[in-house]
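Structural description and commentary
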Amino acid sequence: MVVLNRIYTRTGDTGTTALAAGGRRPKHDLRIEAYGTVDETNACIGLVRLHTAGHEIDPMLGRIQNDLFDLGADLATVETDKPLPYEPLRITQAQVDRLEQEIDRLNGELSVLRSFVLPGGTPAAAALHLARTICRRAERHVVELTEKPDEKVSSEAVKYLNRLSDFLFVASRYVNDKGALDVLWVPGQNR
């Protein structure tokens, strides 16, 4: 259970932060950067939701925001050889599967793309594109973390971020009147 009765603790004043299962890392540590960027993705989705209230994708975005807290907890809890006094929260394949199902459902109603899509159209679509790019950065950090021999990250965490960026792209087209308001790239248009 989370209890936040005091917001500042002064423990980070020396440039380190605590991991969920104990231990401290510099605030610029790659693991901290990874789950910090997941948090940034979540904040951006919160901004997206200012434009999607009442839209059918809004409940999906709400579930995703909760999943992103799960993912942050997953990344903040480093696997160690010593057992933890609790079961750590980890991203599951079911969460990845749900994203895939939602992508397929939304994408099934979209027109086929014949060009790349420029971020824009409606405010909701533009904000979803921004969330997508932040999500991709989080994914790059997490993938880099997996390549470090002393760091463990579940494959589901990587898959979740990869699917989430796909979902955010499809959702951006969906809120753009199912692709009718997409702004398409025209190669060499301004030469």
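Given the structure is predicted, the values throughout are model-derived calculations rather than measurements.

Between helix H1 (residues 30-48) and helix H2 (residues 58-76), whose axes approach to 9 Å, the crossing angle comes to 170°. Here H2 runs roughly antiparallel to H1, going by the angle between their axes. Contacts between H1 and H2 involve Arg31, Ala34, Tyr35, Val38, Thr41, Asn42, Ile45, Gly46 and Val48 from the first element and Leu61, Ile64, Gln65, Leu68, Phe69, Leu71, Gly72, Leu75 and Ala76 from the second. Here the contact of H1 with H2 is built from residues that sort into 12 nonpolar, five polar and one charged.

Once that is clear, we can look at the pattern of salt bridges. If you walk through the whole model with that rule in mind, you get 14 salt bridges. Among the ionic pairs, Arg137 bridges to Glu40, the shortest N-O distance being 3.1 Å. Of this pair, Arg137 sits in helix H4 (residues 123-146) while Glu40 sits in helix H1, and the two are 97 residues apart along the sequence. Accessibility expressed as a relative area gives 26% for Arg137, which makes it partly exposed. Taking the shortest distance from any N to any O, the salt bridge between Arg98 and Glu102 comes out at 3.6 Å. Placement of the pair is Arg98 and Glu102 together in helix H3 (residues 93-107), with a separation of four residues, close to one helical turn. Salt bridges sharing common partners tie together Glu56, Arg105, Glu109 and Lys178.

Quick notes on the rules
- Residues numbered from 1 in each chain as written.
- Predicted model: local features only at pLDDT ≥ 70, side-chain atom pairs only at ≥ 80, totals over all residues.
- Heavy atoms only, no water.
- Axes fitted to C-alpha atoms, helices over the stretch in contact; angles between N-to-C directions.
- Helix = DSSP H or I, 4+ residues; strand = E, 2+ residues; numbered from the N terminus.
- Parallel < 35°, antiparallel > 145°, perpendicular 65-115°, else oblique.
- Contact = heavy atoms within 4.5 Å.
- Nonpolar A, V, L, I, M, F, W, Y, C, P; charged D, E, K, R; others polar.
- Salt bridge = Lys/Arg side-chain N within 4 Å of Asp/Glu carboxyl O.
- Buried < 20%, exposed > 50% of the residue type's maximum accessible area, 1.4 Å probe, protein only.

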